[in-house]
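# Fold and contact review
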Amino acid sequence: MPLKNPDAIAALVSALRLVYGDEVARTMLLEGMSLATLLDAMFSAPIAHRDAVRYVASALDDFAVTPELGPVWHLRYLYDDEPGSFRVLDMEIATPAGTLSSNDLWLRLPV
């Protein structure tokens, strides 16, 4: 199956490999990880914070997400508390059934 956002997936894979090593990164991609774990890896990688957020948001379309989100959902960003800050610290997904935190979302890259 072709990826919708191959550049974003490549950036995520690179960050996971850098932070966790090849074998663990492969396992995480195939067996799954929480969105929170992915964000931690991306924020630990040597890339700009804004790029990390952009890559994660772009790559979500390529992941199998559990629980099933349904056709209507919205990605929400949680920002740093400093006044005027646009630094994203976390993401959550709002659905008609409720809001899921980054710890509640399980991501797996279908092969």
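Above: the structure in question.
Fair warning: this is a prediction, and the values are worked out from it, not measured in the lab. (Residues numbered from 1 in each chain as written. Predicted model: local features only at pLDDT ≥ 70, side-chain atom pairs only at ≥ 80, totals over all residues. Heavy atoms only, no water.)

## So, unusual backbone geometry
Test applied: Under the scheme used here, helices are H or I runs from DSSP no shorter than 4 residues and strands are E runs no shorter than 2 residues, and both carry numbers assigned from the N terminus.
Across the junction of Thr66 and Pro67, the peptide omega takes the value 0°, indicating a cis bond. Looking at the secondary structure, you find Pro67 in the loop between β2 (64-66) and β3 (74-79).

## Some words on helix α1 (residues 6-20)
Where we set the bar: A helix is expected to reach a length of 1.5 Å times the quantity of its residues less one. Working rule for contacts: check all heavy atoms of both residues, and any pair within 4.5 Å makes them a contact.
When the terminal C-alpha atoms of α1 are compared, their 21 Å separation across 15 residues agrees well with the 21 Å that a helix rising 1.5 Å per residue should span. As for α1, its buried residues are in contact with α2 (22-31), β1 (33-34), α3 (35-44) and α4 (49-59).

## Overview of the pairing of strand β4 (residues 88-95)
Defined as follows: A 1.4 Å probe rolled over the protein chains alone gives each residue an accessible area, and that area as a share of the maximum for its type sets the label: buried under 20%, exposed over 50%, partly exposed in between. Note: two strands are recorded as paired if DSSP finds a minimum of 2 bridges between them.
Within β4, six of the eight residues are buried, which leaves the element mostly enclosed by the surrounding structure. Here β3 pairs with β4 via six bridges, running antiparallel. Looking across to β4, one finds that Tyr77 is bridged to Met91. Pairing analysis gives three bridges linking β4 to strand β5 (residues 98-100), with the strands arranged antiparallel.

## Details of the packing of aromatic side chains
For the record, the criterion: Ring pairs shown here join Phe, Tyr and Trp side chains whose ring centres sit within 6.5 Å, with only the six-membered ring taken for Trp; geometry is labelled stacked below 30 degrees between planes, edge-to-face above 60, and tilted in between. In this analysis the charged atom, NZ for Lys or CZ for Arg, is taken to sit over a ring once it is within 6 Å of the ring centre and within 35 degrees of the ring normal.
Counted under the stated rule, the structure contains two aromatic pairs. Here Tyr77 and Tyr79 contribute two aromatic rings whose centre-to-centre distance is 6.4 Å and whose plane-to-plane angle is 50°, an arrangement assigned as tilted. Residue classification places Tyr77 among the partly exposed positions, given a relative accessible area of 31%. Residue class for Tyr79 comes out partly exposed when judged on its relative accessible area of 38%. Members of the aromatic cluster, joined through ring pairs, are Tyr77, Tyr79 and Phe86. The lysine or arginine in question, Arg54, covers the ring of Tyr55, its NZ or CZ lying 4.8 Å from the ring centre.

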